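Residue-level structure breakdown
Residue strings, one per chain:
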Amino acid sequence: MEGDRTHVTLPRIGTIKTHESTRKLARRIEQGSARILSATVRREAGRWWCSFTCEVQHAERAPARPDAVVGVDLGVTHLAVLSCPVPGVSDADGFVPNPRYLGRAQRALRRASRRVSRRVGPDRRAGQRPSKRWEKASRRRNTIHHRVTNLRRDGLHKLTTGLATTIGIVVVEDLNVAGMLQNRKLARQLADASFGEIRRQLCYKMCWSGGR
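Residues numbered from 1 in each chain as written. Predicted model: local features only at pLDDT ≥ 70, side-chain atom pairs only at ≥ 80, totals over all residues. Heavy atoms only, no water.

Looking at the packing of aromatic side chains
Tallied over the entire structure, the rule returns 1 aromatic pair. With centroids separated by 5.0 Å and ring planes inclined at 65°, the aromatic side chains of Tyr 204 and Trp 208 adopt a geometry described as edge-to-face. Pair noted here: Tyr 204 and Trp 208 are both in helix α7 (residues 195-209), with a separation of 4 residues, about one helical turn. Tyr 204 gets classed as partly exposed once you look at its relative accessible area, which sits at 23%. (Phe/Tyr/Trp six-rings, centres within 6.5 Å; stacked < 30°, edge-to-face > 60°. Helix = DSSP H or I, 4+ residues; strand = E, 2+ residues; numbered from the N terminus. Buried < 20%, exposed > 50% of the residue type's maximum accessible area, 1.4 Å probe, protein only.)

Structure, rendered in structure tokens:
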């Protein structure tokens, strides 16, 4: 980490500028509560990403309502239905709306996919390399997929973090997501809702916040 909090120095690559500030991580390193183990550089959707694997000492926390118990029912019409409303997480009736990010992007994805199919793509059997127009169209399509992924990830983190920092005990159903995805009529909606990811995030975030 560099002193201006906007540059990092990597082995062999050198010093590179970061889009996001590294102030939070640098502050933890200076305090001795975090240690960088490794760094991974990857290219995704036309952008370069540098991810740090860190060992962090978490302070003991307690949820805002340690004695509260909330049941979470996951669904498609509503992403989650809570047994009692949680301010900042659900509405007054305990419903968490399902944003359906993938469904809302279907029109743009269909248009981008048609554009890709009309270009000269790669063919490994014939040794054919893709055209520049195909690569450009493919990057546009991948950007849409990447945006949907980021929006979904952001929404799920806000939901699970809100529950973990507020409620002491969260009860969530154990769903057979792999089996539910066999339903062809609901597979896309179920995959977009990411039931398994919600449960995974709740498991480790509840431990971090001192809940159960």
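Topic: the state of the cysteines
Applying the stated rule across the entire model yields 0 disulfides. Looking at Cys 84, it has no disulfide partner, and the nearest cysteine sulfur is the one in Cys 203, 19 Å off. Classification of Cys 84 by relative accessible area gives partly exposed; the value is 23%. Lacking any disulfide linkage, Cys 207 is separated from the closest cysteine sulfur, that of Cys 203, by 7.3 Å. On the basis of relative accessible area, Cys 207 is assigned to the exposed category, the value being 60%. (Disulfide = S-S within 2.5 Å.)

As for the nonpolar core
Side chains of nonpolar character tend, in soluble globular proteins, to be buried together. Grouped together as the largest cluster of nonpolar side chains are 23 residues, with contacts concentrated most on Val 72, Leu 82 and Leu 163. Residue assignment for this core shows that the elements contributing at least two residues are β5 (65-74), β6 (78-82), α4 (132-166), β8 (167-172), α6 (187-193) and α7. If we skip the residues at most four places from it in the chain, Leu 82 touches Val 70, Gly 71, Val 72, Val 89, Ser 90, Gly 94, Val 96 and Leu 163. (Core = buried A, V, L, I, M, F, W, Y, C linked by side-chain atoms within 4.5 Å. Contact = heavy atoms within 4.5 Å.)

So, the pattern of salt bridges
Close approach of charged atoms allows side chains with opposite charge to pair. Following the criterion strictly, the structure yields 7 salt bridges and no others. The closest approach of N and O atoms between Arg 35 and Glu 55, which form a salt bridge, is 2.9 Å. Of this pair, Arg 35 sits in strand β3 (residues 34-44) while Glu 55 sits in strand β4 (residues 47-56), and the two are 20 residues apart along the sequence. In this structure, the salt-bridge partner of Arg 42 is Glu 44, at a minimum N-O distance of 3.0 Å. Arg 42 sits in the partly exposed class, given a relative accessible area of 34%. Residue classification places Glu 44 among the partly exposed residues on the basis of a relative accessible area of 27%. (Salt bridge = Lys/Arg side-chain N within 4 Å of Asp/Glu carboxyl O.)

Some words on the packing of helix α3 (residues 106-117) against α4
Relative orientation of the contacting elements α3 and α4 amounts to 160°, with a least axis distance of 9 Å. When the axes of α3 and α4 are compared, the pair comes out roughly antiparallel. In this structure, α3 crosses over α4, and the sense of that crossing is left-handed. Every residue of α4 that contacts α3 at Ala 108, Leu 109, Ala 112, Ser 113, Arg 115 and Val 116 is listed here: Trp 134, Ala 137, Ser 138, Arg 140, Arg 141, Ile 144 and His 145. (Axes fitted to C-alpha atoms, helices over the stretch in contact; angles between N-to-C directions. Parallel < 35°, antiparallel > 145°, perpendicular 65-115°, else oblique. Left-handed = near helix turned anticlockwise from the far one by under 90°.)

Some points on the pairing of strand β2 (residues 14-17)
Examined bridge by bridge, strand β1 (residues 7-10) and β2 share 4 bridges and lie antiparallel to one another. Opposite Leu 10, over in β2, you have Gly 14 as the bridge partner. The hairpin formed by β1 and β2 contains 3 residues between the paired strands, and Arg 12 there has a positive phi angle of roughly 70°. (Pairing = 2+ DSSP bridges.)

A look at the side chain of Gln 201
Relative to the helices and strands, Gln 201 resides in helix α7. With a relative accessible area of 0%, Gln 201 lands in the buried category. Within polar-contact distance, the side chain of Gln 201 engages the side chain of His 157 at 3.5 Å. Side-chain polar atoms of Gln 201 contact the side chain of Thr 160, separated by 2.8 Å. Dropping the residues within four chain positions of it, Gln 201 is found in contact with Leu 156, His 157 and Thr 160. (Polar contact = N/O pair within 3.5 Å; in protein donor to acceptor, adjacent residues only side chain to side chain.)

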